[in-house]
Amino acid sequence: MSISFPEQGWFKAPSAGERLWIGLAIAWCLVLTLAMPYWHFKGKQNSTGEAYRVTPAEFYQRAQKFIEAYKVGEDRYTAIVQPPPGTDVYLTARMWRWDPVLKLKKDQTYRVHVGSMDLNHGFSLQPVNMNFQVVPGYDHVLTLTPTRAGEYSIVCNEFCGVGHHTMAGKIIVEE
Amino acid sequence: MTQPNEPKAADVIQSEHEKDEGSHRTPGTLVLALILLLSFAVYYFANWKALADTWPVR
Amino acid sequence: MATTANGLAALEGHVPDEEKPGFKTGNHAGQVRTCETTGLPVCLTAQRFIRLNAVAAVVFLLIGGVAALLLALTRWPTVHLLPADWYYRVLTAHGLNMLILWIIFMEIAILYFAGTTLLNTRLASKGTAWVAFGLMVAGALAINGAVWSGKADVMMTSYVPLQAHWSFYLGIILFAVGALIAVINFLATLYIAKRDKTYAGSVPLVVFGATAAAIIAVVTLLHGAVVMIPTFLWSLGLTEAPDAAWYRLVWWGLGHQSQQVNVCAMVSVWYLLGTLTTGAKPLNQAVCRGAFVLYILFINLASAHHLLVDPGVGAGWKIWNTSYAMYLAVLASMIHGFTVPASIEVAMRKKGHNKGLFGWLFAAPWKNPGFSAFFLSLVIFGFLGGITGVTLGTQQINIIAHNTLRIPGHFHTTVVGGTSLAFMGLAYYVVPLIFQKEYPAKALARLQPFVFAGGITVMAIAMSFAGSYGVPRRHWDINFTGAQFSAGFDSTAHLMMGLVGIGGTIAFVGLLIFLLLTVAAVFFGRSNAGKKMEAW
């Protein structure tokens, strides 16, 4: 019994049934273990965690410079910015908005720098459903390639105070 | 413990080391475990598929 | 001569009586009673603290449970009960009362039981047990005071630079120190049992598993100290804010590992309830113990799961921590997931239930809530909790899961459908055996595990589906009313959120039955002192 003292000599090899299961379990664990490095080299979706330390003030300045350079319009008091493909893009999270609205080209790759002005935020691209953490003090670089045209929302999915559920931004992907 | 005449745990604890091991056939558990492994694999690979349908990111 | 005699004895497979595995002379100095039902020696000091900790656990389960109902009714779109500020407040209270207070008080009770009764020893120190209990209660009250008065709307994780009132952090520190002292008291009890030779042989499997939980708990609580003390000082205005990424890394050393304490404690309770309800015996002690050792060695690196889409930690670090350690700990769970039901199968087949593949399972004592809670816990933890946990914790797959409702969908099947349900099953034995009180309305108690398990299963699966549509966790309004840009989710996601509300409400009913019956039994139940407990 599980509450009794095992007989002497309890340290012995498992029975055939147990051996079979443990063998299968180890094989499965190996599959799980190898899947991640495989995807890292062969797969297209990887969170490499590329990031640089940055103060919120510094990040804000870079983001402002970026907005001024590529601004093409305004929507609900928020700049719409259309950067050329391949460039560095800045997306700022703060309580409780995302700045600016990004206008990207389908099948082009952008280095999207996501930074926070205040608390932790969650970059959640919907309805694609891709999610990344935004940590204050860090410039998180996501090298993204939109694959479908349309309008997407960025919602915040890390609790950031009582207005958390009103934090939504926009990405427009054009053909 | 549910039957009034069953031996008390303490007695079993004292005498257990003298008992014979007996058979250890557990085919039912093995089938349950294989069902678990199969559902595990289906769910796991379905998730890789769902991931592959999102935007490329580095 | 003596050597020869010993040699002969060994040759013939005999061992002298004092070395035969089993109980020897206890060290209780009279402070002991013999359990009428099991014949086991119950240290009276330990019994008092098992009772105290179990009562505290149930009180916080009640608070967390009421919070759970309010949350379920808020996330149910057509009900949407609470206002936003109260939703986040109640969510903070729910996490802390359930995941920290209820579970850890219960685990301390389990440690005091496993350390003393199963090893025929007294509790190492009564004074220390009082100090531990006092600190834990003080901490629990400080936490609840800060949260309910609206000074700590920071979620259980309290990611800096989100700041709570200092009394919140102080409460966590007091509670953690108290728990650490209790764990040390348990380890000291193991020591004096060994020293006083109250038993011979290797400790029982349940004690081994409890010890593994205790070791992981020490590591966990040390992480807690490392992260909470600077945060506390910062909340007092004495120091700068800790780095936000550093906080997340070390906090999860506390947050994730405490879940591994729960897993370890839960698996020990599975083995215990398997024995109590069916007389099951571990098939192979070496395999079961080896699996516990795997937990101790490898489970800590799994904290990385929470940082898989974080900035600042690289792909290599993420993959290494997830794959290498994680899967050896997963292996351990897969081993327990086999050996636990296998031991039941062997026990039931020995009793003659040999029909077909699953005759033993149908013949199992499903009317005994100790058994049904344990077995449902095993199934929910393995099939739902384990599978989703490993998948969501895969480095790249985490991109489509992080901070969505898939995460609570996962952990409500591990820590609620798994650990909490197993602990409820344990209570159906703790109350008659340690409180020496009989449960009233036994028919209702027989039903309770099924109601709770059913509700939690519906809720968790609905959460997982909603999360796969992108619905965030910890979120008051998935329609984003008043947001700058429109956002939201399709009708399927809303349907799923309705099921979250319904499942959560059913689970609350199951919880309420458990609470009412347990409180009724402890305070008004028929005493069975001097008698065997009634059969379930």
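Source: prediction; values computed, not measured. (Residues numbered from 1 in each chain as written. Chains lettered and ligands numbered in written order. Predicted model: local features only at pLDDT ≥ 70, side-chain atom pairs only at ≥ 80, totals over all residues. Heavy atoms only, no water.)

### Let's talk about the overall build of chain B
The following threshold applies: Segments assigned H or I by DSSP are reported as helices when at least four residues long, segments assigned E as strands when at least two residues long, and all are numbered from the N terminus. Three labels apply to residues, based on accessible area from a 1.4 Å probe with only protein chains included: buried if under 20% of the type maximum, exposed if over 50%, partly exposed otherwise in between. Surface accessibility in these figures is a Shrake-Rupley result with a 1.4 Å probe; residues are shielded only by whichever protein chains are displayed.
Helix and strand counts for chain B come out as two helices and zero strands. Put simply, chain B has 58 residues, and 40% of those count as buried. As displayed, chain B offers around 3100 Å² of accessible surface, 63% of which is attributable to carbon and sulfur atoms.

### Some words on the interface of chain C and chain A
The criterion, for reference: Here, residues are in contact when the closest pair of their heavy atoms is within 4.5 Å. Defined in terms of a 1.4 Å probe, buried area is the accessible area two parts forfeit on being brought together, summed over both. The working definition used for a salt bridge is a side-chain nitrogen of Lys or Arg within 4 Å of a carboxyl oxygen of Asp or Glu. Whenever a nitrogen or oxygen atom comes within 3.5 Å of another N or O atom, the pair is scored as a polar contact, on the condition that within protein one atom can donate a hydrogen and the other can accept it, and that pairs from neighbouring residues in sequence are kept only if both atoms are in side chains. Note on residue classes: Ala, Val, Leu, Ile, Met, Phe, Trp, Tyr, Cys and Pro are nonpolar, Asp, Glu, Lys and Arg are charged, and everything else, Gly too, is polar.
Listed per partner, the contact involves 90 residues of chain C and 67 residues of chain A. Carbon and sulfur atoms supply 66% of the area that chain C and chain A bury against each other, a total of about 6400 Å² over both sides. Three residues, C:Ile399, C:Gln484 and C:Phe485, lead the burial of chain C against chain A; their summed loss comes to 13% of the area buried on that side. Applying the counting rule to chain C against chain A returns three salt bridges. Our count for the contact surface shared by chain C and chain A stands at 33 residue pairs in polar contact (both at pLDDT 80 or more). Secondary-structure elements contributing two or more residues to the side of chain C that touches chain A are β1 (22–23), α3 (84–116), β4 (199–200), α6 (205–235), α7 (244–278), α8 (285–298), α9 (315–350) and α13 (442–468) of chain C. The greatest single-element share of the side of chain C that touches chain A, amounting to twelve residues, is contributed by α9(C). For the side of chain C that touches chain A, the residue count by class is 53 nonpolar, 25 polar and twelve charged.

### Brief notes about the pattern of salt bridges
Under the criterion given, the structure shown has 26 salt bridges over all chains. Note that A:Lys106 is salt-bridged to A:Asp107, the shortest N-O span being 3.7 Å. A relative accessible area of 25% places A:Lys106 in the partly exposed class. We note a salt bridge from C:Arg474 to A:Glu158, for which the minimum N-O separation is 3.6 Å. Note that C:Arg474 is positioned in the loop between α13 and α14 (491–524) and A:Glu158 in the loop between β11 (150–156) and β12 (168–174), a pairing that runs across two chains. Accessibility classification places C:Arg474 together with A:Glu158 in one group, the buried group. Each of A:Asp75, A:Arg76, A:Glu151 and A:Lys170 takes part in a single network of salt bridges with overlapping partners.

### Notes on the domain arrangement of chain C
All names here are of chain C. Test applied: Note that domain bounds follow an automatic or database assignment of domains.
For chain C, the assigned domains are domain 1 (30–201), domain 2 (206–364) and domain 3 (411–536). When each unit is reduced to the centre of its C-alpha atoms, the spacing between domain 1 and domain 3 is 18 Å. In this assembly, 42 residues from domain 1 lie in contact with 35 residues from domain 3. Note on domain 1 versus domain 3: buried area summed over both sides is about 3200 Å², and carbon and sulfur give 73% of it. On the surface where domain 1 and domain 3 come into contact, there are zero salt bridges. For the interface between domain 1 and domain 3, the tally reads eleven residue pairs in polar contact (both at pLDDT 80 or more). Residue assignment for the side of domain 1 that touches domain 3 shows that the elements contributing at least two residues are α2 (44–75) and α3. It is α2 that contributes the most residues to the side of domain 1 that touches domain 3, 15 residues altogether. In terms of residue class, the side of domain 1 that touches domain 3 is built from 29 nonpolar, eight polar and five charged.

### Let's talk about the interface of chain C and chain B
Facing the 41 residues of chain C at the interface are 38 residues of chain B. There are zero salt bridges connecting chain C and chain B. The interface formed by chain C and chain B contains five residue pairs in polar contact (both at pLDDT 80 or more). When residues of the side of chain C that touches chain B are traced back to their parent elements, those giving at least two are β1, α9, α10 (359–362) and α11 (369–392) of chain C. Broken down by element, the side of chain C that touches chain B gets its largest block of residues, eight residues, from α9(C). Looking at the side of chain C that touches chain B, its residues break down into 23 nonpolar, ten polar and eight charged.

### Here we look at the side chain of C:His28
Residues and elements named next belong to chain C. The residue His-28 is located in the loop between β1 and β2 (32–34) in this model. Judged by relative accessible area, His-28 falls into the buried class, the value being 7%. Beyond its immediate stretch of four places on either side in the chain, His-28 contacts Pro-41, Cys-43, Asn-120, Thr-121 and Arg-122.

### A short note on the pairing of strand β2 (residues 71–75) of chain A
Residues and elements named next belong to chain A. As a reminder, the rule being used: Here, strands pair whenever DSSP counts at least two bridges between them.
Two elements, β2 and strand β3 (residues 78–81), share four bridges in a ladder whose sense is antiparallel. Looking across to β3, one finds that Lys-71 is bridged to Val-81. As consecutive antiparallel partners, β2 and β3 are separated by two residues, and within that stretch Arg-76 has a phi angle of approximately 50 degrees, a positive value.

### Considering the sheet that holds strand β8 (residues 121–126) of chain A
All names here are of chain A. The condition that has to hold: Helix axes use the C-alpha atoms of the stretch in contact, all axes being lines fitted to C-alpha atoms, and the angles between their N-to-C directions lie in the range 0 to 180 degrees.
One open sheet accounts for seven strands, arranged β2-β3-β6-β12-β11-β8-β9; its pairing is mixed. Looking at the sheet topology across the chains shown, the edges are occupied by β2 and β9 (130–134). Adjacent strand axes in the sheet meet at a mean angle of 25 degrees, parallel and antiparallel pairs treated alike. By the bridge criterion, four bridges tie β8 to β11 in an arrangement that is antiparallel. By the bridge assignment, Leu-125 is partnered in β11 with Ile-154.

### As for the packing of α7(C) against α11(C)
Residue and element names in this part refer to chain C. Selection rule: An angle counts as roughly parallel when it lies under 35 degrees, as roughly antiparallel when it exceeds 145, as roughly perpendicular when it falls between 65 and 115, and as oblique in every other case. Note on convention: near helix rotated counterclockwise from far helix by under a right angle means a left-handed crossing. Clockwise means right-handed.
Between α7 and α11, the least distance of the axes is 9 Å, while the angle of their chain directions is 140 degrees. Classed by the angle they form, the pair α7 and α11 counts as oblique. In terms of crossing hand, the pair formed by α7 and α11 is left-handed. Residue-level contacts link Val-263, Met-266, Trp-270, Leu-273, Gly-274, Thr-277 and Thr-278 of α7 to Gly-370, Phe-371, Phe-374, Ser-377, Leu-378 and Phe-381 of α11. By residue class, the composition of the contact of α7 with α11 is eight nonpolar, five polar and no charged.

### Concerning the pairing of strand β7 (residues 110–116) of chain A
All names here are of chain A. Within β7, six of the seven residues are buried, which leaves it mostly tucked inside the rest of the structure. Note that strand β4 (residues 88–94) and β7 share six bridges and pair parallel. In the sheet register, Val-89 faces β7, and the bridge partner there is Val-112. Pairing of β7 with strand β10 (residues 138–144), which is carried by five bridges, proceeds in the antiparallel orientation. Residue pairing for β10: His-113 is matched across the bridge by Val-141.

### Notes on the confidence of the model for chain B
Heads up, the condition is: Confidence scores per residue from the predictor, reported as pLDDT, run from 0 to 100.
In the predicted model, chain B carries a mean pLDDT of 79, and 60% of its residues have values of at least 70. Residue range residues 1–5 of chain B is modelled with pLDDT below 50. Its contacts to residues more than four positions away, or to other chains, number nine contacts.

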